[in-house]
Amino acid sequence: MKLLIRIGIVCIAASVYGQEWPPDSIPALMARQLEMFPQEKIYLHTDKPYYVAGEHIWFRAHLADAVSHIPAPVSRYVYVEMINPLDSVVVRLKIRPDSSVYHGYVPVPDDVPEGDYELRAYTSFMRSAGENYFFRKNVRIFHPQSRQLHSSVRFTFESDKRISAEIQLTQLRPTAPFYPENVKITAGNGKTITVKPDRNNALQCTFTLPPDAPRRFLLLETVINRYLYRKFIEVPHPGKEFDLSFYPEGGVLLQGIPAKVAFKALKKDGRAADVTGKVFDSDGTEMNTFKSDHLGMGCITVICAAGKSCYAEAVCDSVTLRFDLPAPVAEGYALSATWMKKRLSVSVLAPDGIKDKLWLTAHTRGIVHFTLPWDPSLPYILLPKESFPSGVLHLLLTDEQMNTLSERLVFVDNEDQAQTAFHPDREKYSARTRVDNRITITDAAGNPLSGSFSVAVTDDHDVQTDTAVNILTSLLLASDLRGNIENPAFYFHRGNRYVWALDLLMMTQGWRRYNLPEVIKGKYTTPTSYLEIGPELSGTVKSVLVGKPQEGITVNVLGMNNPYFETTVTDAEGRFFFRHGELPDSTRFLVNALPTKSTRRLEVILNEDLYPLRAIAPPPAPPADNRSLTAGYVDKTEQKYINEKGMRMYYLEEVTITAERKPPRKSDYYSQADNSLTEDQIDKIPLTNIYNLLMRLPGVMVSGNQVSIRGQGNPLLMVDGVTMDIGELESINVMDVAQVDVLKSASNTAMFGSQGGNGVIVIFTKEGKVSFKPRPFHVKTATPLGYQKPAEFYAPKYDAPSSGNAPPDLRTTIHWQPDVRTDSTGVATFSFYTSDAASTYSVVMEGLTADGKIIRQEGKVTNDIR
């Protein structure tokens, strides 16, 4: 049906203008591009928008074809990462489909600092399109002690680099007074400062942070009532400078005719800036005034006279700056588009009239709707809104040589997604009562649709649902535009104000999932990464003596905690490959290259699993929380944690000892480490393994058993003066460690030559000597990232009356179900039980139908215990 509609539009256009189809078919070229490089979209539905350290983030990854939005579980794995404000990956998961559904949970570590983290989801194949098209979303993580402590900060810039911070620690609950003896402040450059608060729990510190530092955060650490409290604090940029960019409609500012020029103002931290200002020509004559309408965006109309340029003087926070508008051109064409209720008016602007043969192309997500010749006798054409699917419509104006002359983005919002009706079986419920829900999914005509969706039910007393990001905003808007979009859900409200704001967004963002101007010239984009169909363990065998790859060497791989064994032989370049089947995370392998008579000394070099670095700034952090709401949420979550897992790890009070302080270890290779943890400091930290210890060191990034310094490759490992492979970390008992030094600066790593190019981790053991035997070079261990084992969200069933001493029901997420499917009549059902407290519940359902329509519905359930 969609194809017939598209053909109909083209045929009508050709008949109206009485001209022939262009010799080189743009639709055929774009179809070829889609065939050569099909793309995926991904959306992550989570049960809540914020969490407490130690909770699980339950999610479902909706993976779909980027063009049709039809569910497409083609990639074998989806990767989900939780990234902290300093760009370190805290958790990385590998999710395989379970009955064609990708779902799992992110275990938020107990000891992560409070702050705003990014959830990022992608497939290996999506890396070809770039990070702009990964799914990215902010989640806020609260520390359990945030209900007792509030920290406020005032920054003073002594220079661009030198910053003074005045920090006030405020007690929120007088029933539990606290008197922290010391507070540690770590700046983004990795330097840690220890400060003693005054009697009012106020403190001041000074640190350096370059103005171009990519991530501007302080890490605050202190002990509150024997609990370690850690929090990330954002550091603002120096000064009040801002940037103002101008975007002429159609991409070209033409001389002598009225032109709409959109603008966008941003502060240095990437957040929107509210601006006012005036536009002048090069003679200083005022032409117009302007004011931002929404999130730093606005639009002005200017007429640039021949031979003159234009500039703007803009004001933000009492700072006035000058910005040049794009240079006007005397010849050219510019597309202009305006919504007239349910019809789109499209015109071509030209200073001296249209003199060339032009073609207008329209496509949505790469599917070309029409390519038609432009009739210069018409001032404009009207395109019916219902002729296009919802999403970003890309208009392209070309000449006969297929040169792109002008482009315009327009958002189309039709009622063409799935229509969903939510019906609980009762109007109100009592405590611990079963709620049976019925959902009907149809198209706009009322025909039943088959599909699958995830559902999250949360308690409104504790949780505010996400009002910024949802499956509609992700698949129809954010995934087709480059850069961050602040609060994308705003643009999906009804009303002229929102339509106007959305059009400003279209004029100030870029669409480059496919480079259509290049495609129509026959220059195609091809994928640079592969479609992942299974795991692989690979590497190279070299001679230790001559360093050359060795052909024909037998290599064995043995599963150390699973019954896996395989043998292969290296190729002419010394390479070996094991496609070891699917195994869960934390599966360990022993790789052994068997020496021969002619090559007795061999070395196995394993290929690293490479993951995309975060090169794009994270989405803007959400606004400050409703403290009364979140305090209750943190209270409830912490009590639930204690009931289920027991008390959290806490610090013992210090006692006076007569023994001398343990002196720090020294090395002959360097005088002072860039960062260090001494034995006295390590003794005060509750640790479970060596990786948990390394995470405490600034600049050290740990993901599973992968360790790096500042996101570079494998660092060099030195234990008690002996250099060894970083993989030997697994063999070190953290209880034997007396000191850890990190070397990052060139002066410290120079002694190690090229081996120290990625930094050096130096470990001193308590015995002063390596207490384990390093493995020979021809034997290596590997713990590749395996898939996460499926887990089920715990949902109580109160089938029998509860006794008077039953434990309280402290759920904040009342129900999470990642896969609910409709039957042949478009009907789906699911059930859950209410908790103890009187409240209303928000029910959020998100998913896709089999034909690519988006399912999105919110409902309410009332728990009235009376």
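Thresholds, definitions, all that
- Residues numbered from 1 in each chain as written.
- Predicted model: local features only at pLDDT ≥ 70, side-chain atom pairs only at ≥ 80, totals over all residues.
- Heavy atoms only, no water.
- 1 Å grid on protein atoms, 1.4 Å probe; cavity = no way out; pocket = protein on both sides within 12 Å on 5 of 7 lines; lining within 4 Å.
- Points joined across faces, edges and corners; volume = space filled by probe spheres on them.
- Helix = DSSP H or I, 4+ residues; strand = E, 2+ residues; numbered from the N terminus.
- Nonpolar A, V, L, I, M, F, W, Y, C, P; charged D, E, K, R; others polar.
- Phe/Tyr/Trp six-rings, centres within 6.5 Å; stacked < 30°, edge-to-face > 60°.
- Buried < 20%, exposed > 50% of the residue type's maximum accessible area, 1.4 Å probe, protein only.
- Lys NZ or Arg CZ within 6 Å of the ring centre and 35° of its normal.
- Pairing = 2+ DSSP bridges.
- Axes fitted to C-alpha atoms, helices over the stretch in contact; angles between N-to-C directions.
- Lys, Arg positive; Asp, Glu negative; His and termini not counted.
- Salt bridge = Lys/Arg side-chain N within 4 Å of Asp/Glu carboxyl O.
- Polar contact = N/O pair within 3.5 Å; in protein donor to acceptor, adjacent residues only side chain to side chain.
- Contact = heavy atoms within 4.5 Å.
- Expected span 1.5 Å × (residues − 1).
- Core = buried A, V, L, I, M, F, W, Y, C linked by side-chain atoms within 4.5 Å.
- Arc of directions from axis to C-beta.
- pLDDT = per-residue confidence, 0-100.
- Patch = residues over 30% accessible without salt bridge, like charges linked within 9 Å, V, L, I, M, F, W, Y side chains within 5 Å.
- Areas by Shrake-Rupley, 256 points an atom, 1.4 Å probe, with all protein chains shown as cover.

Trainee: Before we go on, may I ask you to explain empty space enclosed by the protein in this structure?
Mentor: Over the atoms, a rolled probe matching the size of one water molecule traces out where space is still vacant. For the coordinates displayed, the defined rule picks out 2 cavities of 30 Å³ or more. Approximately 160 Å³ is the volume found for the largest cavity. In terms of lining residues, the largest cavity is bounded by 18 residues, among which H45, T46, T465, D466 and V844 are the most central. Where the lining of the largest cavity is concerned, the elements lending two or more residues are β1 (40–46), β33 (451–459), β50 (839–849) and β51 (854–863). Looking at the lining of the largest cavity residue by residue, the classes come out as 6 nonpolar, 5 polar and 7 charged. Estimated volume of the second largest cavity: approximately 30 Å³.

Trainee: Which parts of the structure should I look at to understand the packing of aromatic side chains?
Mentor: The geometry of two aromatic rings is summed up by the distance between their centres and the angle between their planes. For the coordinates displayed, the defined rule picks out 25 aromatic pairs. Judged by centre distance (5.9 Å) and plane angle (85°), the rings of F37 and F125 are edge-to-face. With F37 in the loop between α2 (26–36) and β1 and F125 in the loop between β7 (115–122) and β8 (135–142), this residue pair connects regions lying 88 residues apart in the sequence. As far as burial versus exposure is concerned, F37 and F125 are alike and both buried. Ring centres of Y564 and F589 lie 5.8 Å apart, and the angle between their planes is 85°; on these two criteria the pair is classed as edge-to-face. With Y564 in the loop between β35 (554–559) and β36 (565–569) and F589 in strand β38 (residues 589–593), this pair connects stretches of sequence that are 25 residues apart. By the burial criterion, Y564 is buried, and F589 matches it. Here the aromatic cluster, defined as three or more aromatic residues joined through ring pairs, consists of Y79, Y122, F134 and Y611. Sitting over the ring of Y611, R92 keeps its end group 3.8 Å from the ring centre. In this structure, K94 packs its charged tip against the face of Y77, placed 4.3 Å from the ring centre.

Trainee: For this particular structure, what's the right way to read the sheet that holds strand β49 (residues 827–833)?
Mentor: What holds strands together in a sheet is hydrogen bonding between their backbones, with the strands either parallel or antiparallel. Taken together, 3 strands build an open sheet; the order of strands is β30-β32-β49 and the sheet is antiparallel. The open sheet has two edge strands with one neighbour each: β30 (419–424) and β49. Sheet twist, expressed as the average angle between the axes of neighbouring strands with direction ignored, equals 20°. Judged from the 7 bridges that link them, strand β32 (residues 434–442) and β49 form a sheet pairing that is antiparallel. Looking across to β49, one finds that I439 is bridged to A828.

Trainee: I would appreciate a short explanation of the side chain of K264 in the present structure.
Mentor: Here K264 is to be found in strand β17 (residues 259–267). It is E486 that comes nearest to the buried, bridge-free K264 among opposite-charge side chains, at 7.5 Å. In terms of polar contacts, K264 uses its side chain to reach the side chain of Q509, at 2.8 Å. Ignoring anything within four residues of it in the chain, the contact list for K264 reads D243, L244, S245, Y247, G296, M297, N484, T508 and Q509.

Trainee: Looking at this model, I keep getting lost on the side chain of Q509. Mind explaining?
Mentor: Within the element layout of this structure, Q509 appears in the loop between α4 (496–508) and α5 (516–519). Residue Q509 is classed as buried on the basis of its relative accessible area, which comes to 12%. At a separation of 2.5 Å, a polar atom in the side chain of Q509 contacts the main-chain carbonyl oxygen of R482. Once residues within four sequence positions are removed from consideration, Q509 is found in contact with K264, L409, L481, R482, G483, N484 and I485.

Trainee: Can you help me understand the pattern of salt bridges in this one?
Mentor: Two side chains carrying opposite charge are able to pair once their charged atoms lie near each other. Enumeration over the complete set of coordinates arrives at 49 salt bridges. With a closest N to O distance of 3.6 Å, R136 and E118 form a salt bridge. Taken together, the residues span a long stretch of sequence, with R136 in strand β8 and E118 in strand β7 at a distance of 18 residues. For E118, a relative accessible area of 1% corresponds to the buried category. Of the charged contacts in the structure, one is a salt bridge between D836 and R432, with a shortest N-O distance of 2.6 Å. Placement of D836 in the loop between β49 and β50 and of R432 in the loop between β31 (428–429) and β32 is noted, with a sequence separation of 404 residues between them.

Trainee: I tried to follow α4 on my own but got confused; where do I start?
Mentor: Residues spaced three or four apart along an α-helix face the same direction, because each turn holds 3.6 residues. Its 13 residues give α4 an end-to-end C-alpha distance of 19 Å, which sits within 8% of 18 Å, the value for a rise of 1.5 Å per residue. For α4, the full list of buried residues reads Y498, A501, L502, D503, L504, L505, M506, M507 and T508. Taken together, the buried residues of α4 touch β16 (242–248), β17, β20 (297–302), β28 (391–398) and β29 (404–412).

Trainee: Looking at this structure, how should I read the sheet that holds strand β21 (residues 310–316)?
Mentor: The strand order across the open sheet built from 4 strands is β19-β18-β21-β22, with neighbouring strands paired in antiparallel fashion. Looking along the sheet, the strands with just one partner apiece sit at the ends: β19 (286–291) and β22 (319–324). The mean inter-strand angle of the sheet, taken between neighbouring strand axes irrespective of direction, is 20°. As paired strands, strand β18 (residues 276–281) and β19 are joined by 5 bridges and run antiparallel to one another.

Trainee: What is the right way to look at the nonpolar core in this model?
Mentor: In a soluble, globular protein the nonpolar side chains are often hidden away together inside. Among the nonpolar cores identified, the biggest contains 82 residues, and V106, I141, L477, L481, Y491, L505 and M506 are the most heavily contacted of them. Apart from residues no more than four positions distant in its own chain, Y491 is found in contact with H294, L295, M297, L477, I485, E486, A501, L502 and L505. Counting 25 residues, the second largest nonpolar core, distinct from the first, contains L677, Y691, I732 and V740.

Trainee: What should I look at first to understand unusual backbone geometry in this one?
Mentor: Most peptide bonds take the trans form, and the phi angle of most residues other than glycine is negative. One non-glycine residue, S99, lies in the positive phi region at around 55°. Counting through the fold element by element, S99 comes out in the loop between β5 (89–95) and β6 (102–107). Given a relative accessible area of 52%, S99 falls into the exposed group.

Trainee: Explanation requested: the pairing of β35 in the structure shown.
Mentor: Along any regular strand, the residues point their side chains to alternate faces of the sheet. As judged from the 5 bridges shared by β35 and β36, these two strands associate in the antiparallel manner. What sits directly across from N556, in β36, is T567. Here β35 hands over to β36 after 5 residues, the two strands then running antiparallel side by side. The sheet contact formed by β35 and β38 spans 5 bridges and is antiparallel.

Trainee: Help me understand α2, please; the structure alone is not making it clear to me.
Mentor: Those residues of α2 not exposed but buried are I26, L29, M30, Q33 and L34. Seen end-on, α2 carries its buried residues on one side only, within an arc spanning 140°. Residues of α2 that are buried sit in contact with β25 (359–364), β26 (367–373), β28 and α5. The opening residue of α2 is S25, an N-cap whose side-chain oxygen sits 3.2 Å from the backbone nitrogen of A28.

Trainee: For this particular structure, what's the right way to read the confidence of the model for the protein?
Mentor: Detailed reading of the predicted coordinates is not advisable wherever pLDDT falls low. In this model, the protein carries a mean pLDDT of 87, and residues with pLDDT of at least 70 account for 91%. Low pLDDT, under 50, characterises residues 1–21; the stretch is placed with 25 contacts to residues that sit more than four places away or in other chains. Contacts of residues 650–659 to residues separated by more than four positions or lying in other chains number 10 contacts, the stretch itself having pLDDT below 50.

Trainee: Help me understand a nonpolar patch on the surface, please; the structure alone is not making it clear to me.
Mentor: Where nonpolar side chains cluster on the molecular surface, the patch consists of V74, L531 and I533 and spans about 300 Å² of accessible area. Looking at where V74 falls in the secondary structure, it is placed in the loop between β3 (56–65) and β4 (78–83).

Trainee: Help me understand the environment of G786 in this model?
Mentor: Among the secondary structure elements, G786 is positioned in the loop between β47 (779–782) and β48 (813–821). Sequence-wise, G786 and S309 are 477 residues apart; in three dimensions their C-alpha atoms are separated by 59 Å.

Trainee: What should I look at first to understand the environment of V722 in this one?
Mentor: As for its placement among the helices and strands, V722 is situated in strand β44 (residues 722–724). For V722, a relative accessible area of 36% gives the class partly exposed. A C-alpha to C-alpha distance of 31 Å links V722 and F565, two positions 157 residues apart in sequence.

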